[in-house]
Amino acid sequence: KLNYFRVYNRWGELIYETTDLKSGWDGIYKGVPQNMETYVYQAEVETYSDAEPVKKTGYFKLLR
């Protein structure tokens, strides 16, 4: 189960959030395509094998 998937810009502003495993960020925020730069993601999932949710944080570069 995906508890959340979040994307933040370099100023720490939350620009995308979902709990749908089949959904993904398309690089657009408030109807405007975002710049090619580095963004931060956070994800938390629940698995069958772990009692505690698994959390991951990382960086990615948006390319067009």
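As a reminder, the structure under discussion sits directly above these lines.
Residues numbered from 1 in each chain as written. Predicted model: local features only at pLDDT ≥ 70, side-chain atom pairs only at ≥ 80, totals over all residues. Heavy atoms only, no water.

A. Quick peek at the sheet that holds strand 5 (residues 38-45). Across the sheet, which stays open at both edges, the four strands sit in the order 2-1-5-6 with antiparallel pairing between neighbours. Each end of this open sheet is capped by a strand with a single partner; those strands are strand 2 (14-18) and strand 6 (54-61). Neighbour to neighbour, the strand axes of the sheet diverge by 15 degrees on average, direction disregarded. Pairing geometry for strand 5 and strand 6, over eight bridges, is antiparallel. In the strand pairing of strand 6, Val-45 is matched with Val-54. (Pairing = 2+ DSSP bridges. Helix = DSSP H or I, 4+ residues; strand = E, 2+ residues; numbered from the N terminus. Axes fitted to C-alpha atoms, helices over the stretch in contact; angles between N-to-C directions.)

B. Seen up close, the pattern of salt bridges. Evaluation of the coordinates by the stated rule reveals three salt bridges. Where Arg-6 meets Glu-17, a salt bridge forms, and the shortest distance between an N and an O atom there is 2.9 Å. Of this pair, Arg-6 sits in strand 1 (residues 2-8) while Glu-17 sits in strand 2, placing them eleven residues apart in sequence. Taking the relative accessible area as the measure of exposure, Arg-6 reaches 22% and is therefore partly exposed. Residue classification places Glu-17 among the partly exposed positions, given a relative accessible area of 44%. (Salt bridge = Lys/Arg side-chain N within 4 Å of Asp/Glu carboxyl O. Buried < 20%, exposed > 50% of the residue type's maximum accessible area, 1.4 Å probe, protein only.)

C. Up close: the packing of aromatic side chains. Across all of its chains, the model carries five aromatic pairs by this definition. With 6.3 Å between their ring centres and 25 degrees between their planes, Phe-5 and Tyr-41 make a pair best called stacked. With Phe-5 in strand 1 and Tyr-41 in strand 5, the pair connects residues that are 36 residues apart, well separated along the chain. Consider the rings of Trp-25 and Phe-60, whose centres lie 6.1 Å apart with planes at 70 degrees: the pair is edge-to-face. Remark: Phe-60 occurs in strand 6 and Trp-25 occurs in the loop between strand 2 and strand 3 (28-29); sequence separation between them is 35 residues. Each residue in the set Phe-5, Tyr-16 and Tyr-41 is aromatic and connected to the rest through ring pairs, giving one cluster. Its guanidinium or amino end placed over the ring of Tyr-4, Arg-6 lies 3.8 Å from that ring's centre, counting from NZ or CZ. (Phe/Tyr/Trp six-rings, centres within 6.5 Å; stacked < 30°, edge-to-face > 60°. Lys NZ or Arg CZ within 6 Å of the ring centre and 35° of its normal.)

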